[in-house]
Amino acid sequence: MAKTILITGSTDGIGLATAKSLVELGHTILLHGRSDEKLSDAKQQLSLINEKANIETFNADLSNFYEVRKLASEVGEKHAKIDVLINNAGVYVVPKKVTADGIDIRFMVNTIAPYLLTKNLLPSLSDDGRVVNLSSAAQSPVSPDEIAKPSPYSDDQVYAKSKLALTMWSRQMALSLGEKGPVIVAVNPASFLGSKMVSEAYGRQGKSLQIGADILVRAALSDDFSEASGQYFDNDIGQFSAPHPDAVNPEKIAEMTQAIETVLNNFQ
């Protein structure tokens, strides 16, 4: 049965590759990006793969609290039910490191925005729905207070911190919702894939993006993930694995989630 799937950051990279694989399977794809031109181009590419496909586009800047909420509202207005949310959008090297609200843009886009989007879309997610969060093998210790202010650390350090924070709230939200909510998983799609992010960060070409796309399709659709809520899948080794110890520490994941909630309450 065809599913309705929202993929953030899906105008290029792993997001677009995943959309292509899913549209080939006949699913309804909700594309997200920050450029109308790129969204139009991505939609055209998908239409060439499946001319009968249902493809919709949504423009939102995930570094802006208002636009994240607006994205959730627009999706919810058009779809009483969505089956899968893939929080793929992420940043690494950025020209501007702090948002207008004084939040480090890496934490905002990689950690806070997917939390806010997921939370606001929970009423629209189907009973057997799934949330797939793009984590990373790079996970570095992060304190709850770090996410609310500009970071003094390097791009690679902040990226690793933001991905651990994402993995932490993924588990906490899964545990808090239990069987009443969708399956929520954090997935490392594989290290050093050939994305723009990897090219900008390391100055070299990575491995095939399809490696990442294939595991995201599995996470979205396969029975392998149907009972995996709160778990972490490491595609570097091709199996569910233990994330950073902080991501399975009950006190720390609760503190991180509360810190995110505090940030959101400050920017209603």
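This text goes with the structure placed above it.
Residues numbered from 1 in each chain as written. Predicted model: local features only at pLDDT ≥ 70, side-chain atom pairs only at ≥ 80, totals over all residues. Heavy atoms only, no water.

## Details of the pairing of strand E4 (residues 82–87)
Move 1: Burial within E4 is extensive, with 6 of its 6 residues counted as buried.
Move 2: Judged from the 5 bridges that link them, E4 and strand E5 (residues 125–134) form a sheet pairing that is parallel. Bridging across to E5, Val 84 finds its partner in Arg 130.
Move 3: As a crossover connection, the stretch from E4 through helix H4 (residues 105–121) into E5 is right-handed. (Buried < 20%, exposed > 50% of the residue type's maximum accessible area, 1.4 Å probe, protein only. Helix = DSSP H or I, 4+ residues; strand = E, 2+ residues; numbered from the N terminus. Pairing = 2+ DSSP bridges. Right-handed = clockwise from strand over helix to strand, strands pointing away.)

## Quick look at the packing of aromatic side chains
Move 1: Scanning the model with the defined rule gives 6 aromatic pairs in all.
Move 2: With 4.9 Å between their ring centres and 5 degrees between their planes, Phe 65 and Phe 267 make a pair best called stacked. You can see Phe 65 sitting in helix H3 (residues 65–78) and its partner Phe 267 sitting in the segment after helix H8 (250–266), a full 202 residues away along the chain.
Move 3: Since its relative accessible area comes to 24%, Phe 267 is described here as partly exposed.
Move 4: Aromatic pair Tyr 115 and Trp 169: ring centres 5.2 Å apart, planes at 90 degrees, arrangement edge-to-face. Taken together, the positions of Tyr 115 in helix H4 and Trp 169 in helix H5 (residues 155–177) put the pair 54 residues apart, joining distant regions of the chain. Here Tyr 115 matches Trp 169 in class, with each residue buried.
Move 5: The ring of Tyr 153 carries the charged tip of Lys 161 above its face, separated from the ring centre by 4.6 Å. (Phe/Tyr/Trp six-rings, centres within 6.5 Å; stacked < 30°, edge-to-face > 60°. Lys NZ or Arg CZ within 6 Å of the ring centre and 35° of its normal.)

## Thoughts on the side chain of Ser 151
Move 1: By secondary structure assignment, the location of Ser 151 is in the loop between E5 and H5.
Move 2: In terms of polar contacts, Ser 151 uses its side chain to reach the backbone amide nitrogen of Tyr 153, at 3.2 Å.
Move 3: Beyond its immediate chain neighbours, meaning those up to four positions away, Ser 151 contacts Asp 104, Arg 106, Phe 107 and Val 158. (Polar contact = N/O pair within 3.5 Å; in protein donor to acceptor, adjacent residues only side chain to side chain. Contact = heavy atoms within 4.5 Å.)

## Some points on the pairing of strand E3 (residues 55–59)
In the case of a regular strand, side chains alternate between the two sheet surfaces.
Move 1: Bridge count for strand E2 (residues 28–33) against E3 is 5 bridges, and the pairing is parallel. Directly across from Leu 30, in E3, lies its bridge partner Glu 56.
Move 2: Between E2 and its parallel partner E3, the chain crosses via helix H2 (residues 36–49), and the hand of that crossover is right-handed.

## Remarks on the packing of H3 against H4
Move 1: The N-to-C vectors of H3 and H4 enclose an angle of 35 degrees; their axes lie 9 Å apart at closest approach. Once H3 is placed against H4, the crossing between them reads as right-handed. In contact with Phe 65, Val 68, Arg 69, Leu 71, Ala 72, Val 75 and Gly 76 of H3, H4 contributes Met 108, Ile 112, Ala 113, Leu 116, Leu 117, Asn 120 and Leu 121.
Move 2: Its residues assigned to classes, the contact of H3 with H4 shows 11 nonpolar, 2 polar and 1 charged. (Axes fitted to C-alpha atoms, helices over the stretch in contact; angles between N-to-C directions. Left-handed = near helix turned anticlockwise from the far one by under 90°. Nonpolar A, V, L, I, M, F, W, Y, C, P; charged D, E, K, R; others polar.)

## Quick look at the sheet that holds strand E7 (residues 232–234)
Move 1: In spatial order, the strands read E3-E2-E1-E4-E5-E6-E7-E8; together these 8 strands make up an open sheet with mixed pairing. At either end of the open sheet lies a strand with only one pairing partner, and these are E3 and strand E8 (239–241). The sheet shows a mean angle of 25 degrees between the axes of neighbouring strands, direction not considered.
Move 2: Along the sheet, H3 contacts strand E1 (4–7), E2, E3 and E4; its crossing angle with E3, the most-contacted strand, is approximately 155 degrees.

## Remarks on the packing of helix H1 (residues 13–24) against helix H7 (residues 209–221)
Move 1: Orientation of H1 relative to H7, taken along the N-to-C sense of each, is 60 degrees, at an axis distance of 8 Å. Between H1 and H7, the angle is such that the two are oblique. The hand of the H1/H7 crossing is right-handed. In this structure, H1 contributes Gly 13, Ile 14, Ala 17, Thr 18, Ser 21 and Leu 22 to the contact, and H7 contributes Leu 209, Gln 210, Gly 212, Ala 213, Leu 216, Val 217 and Leu 221. (Parallel < 35°, antiparallel > 145°, perpendicular 65-115°, else oblique.)

The values are spatial; any link to function lies outside them.
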